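What follows is the residue order along each chain.
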Amino acid sequence: MIAAGLTLLGMFALAAAMPRHAPALLGAWERRVPAARLRITGWALLLAALAVTLAASDWPLALVTWGGVLPFSAALVLLGLTYDVRLARAAAVLGAAAILAGLLR
């Protein structure tokens, strides 16, 4: 659950780091948050998701699941960018909620 949330947030950060998507995803925050920082944060979140996955007791199955969560998270952000930016922002909120739910569990 935590790894899925970190992956969703990482994909959102990587999409927001792109000059084409930053105005839509970040709005007024585009000028305040440098793209390089978003790119580093996105990759750090994806690596943190991998680390959480490898720390699981059944890590081989968790690694395969992480490999499936990567394209699913990217698809959520991509579909949000394609149809309505609010969906992409909702995916980021869903990622934060997944992290919180995983920590409370």
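Residues numbered from 1 in each chain as written. Predicted model: local features only at pLDDT ≥ 70, side-chain atom pairs only at ≥ 80, totals over all residues. Heavy atoms only, no water.

A tally of helices and strands in the chain yields five helices and zero strands. When its helices and strands are written in sequence order, the chain yields α-α-α-α-α. What you see for the chain is a C-alpha radius of gyration of 14 Å, in line with the 13 Å of a compact globule of 105 residues. If you line up the chain on its principal axes, its C-alpha atoms span 40 × 25 × 25 Å. Within the chain, contacts between residues at least 6 apart in sequence are counted, and of these 71% link residues at least 24 apart. (Helix = DSSP H or I, 4+ residues; strand = E, 2+ residues; numbered from the N terminus. Rg over C-alpha atoms; globule rule 2.2 N^0.38 Å. Contact = heavy atoms within 4.5 Å.)

Estimates place the volume of the largest pocket at around 200 Å³. Lining the largest pocket we find Met1, Ile2, Ala3, Ala4, Val52, Thr53, Ala56, Ala62, Thr65, Trp66, Val69 and Arg105. Elements represented by at least two residues in the lining of the largest pocket include exactly helix H1 (2-16), helix H3 (35-54) and helix H4 (59-83). For the lining of the largest pocket, the element with the most residues is H4, which contributes four residues. (1 Å grid on protein atoms, 1.4 Å probe; cavity = no way out; pocket = protein on both sides within 12 Å on 5 of 7 lines; lining within 4 Å. Points joined across faces, edges and corners; volume = space filled by probe spheres on them.)

Below, the discussion takes up the nonpolar core. Judged by nonpolar contacts, the single largest core of 14 residues is most densely connected at Phe12, Ala16, Leu25, Leu26, Leu38 and Val77. Listed by contribution, the elements that provide at least two residues to this core are H1, helix H2 (22-26), H3 and helix H5 (85-104). It is H1 that contributes the most residues to this core, five residues altogether. Leaving out residues up to four positions away in the same chain, leucine 38 has contacts with Ala13, Ala16, Ala17, Leu26 and Val33. Ala3, Leu45, Trp66 and Ile99 belong to the second-largest nonpolar core, a separate cluster that totals six residues. (Core = buried A, V, L, I, M, F, W, Y, C linked by side-chain atoms within 4.5 Å. Buried < 20%, exposed > 50% of the residue type's maximum accessible area, 1.4 Å probe, protein only.)

For threonine 7, the position within the fold is in helix H1. Residue classification places threonine 7 among the buried positions, given a relative accessible area of 0%.

Here we take up the pattern of salt bridges. As enumerated under the stated definition, the model contains one salt bridge in all. A salt bridge links arginine 86 to aspartate 84; the nearest nitrogen and oxygen atoms lie 2.7 Å apart. Among the residues examined, arginine 86 registers a relative accessible area of 61% and is labelled exposed. (Salt bridge = Lys/Arg side-chain N within 4 Å of Asp/Glu carboxyl O.)

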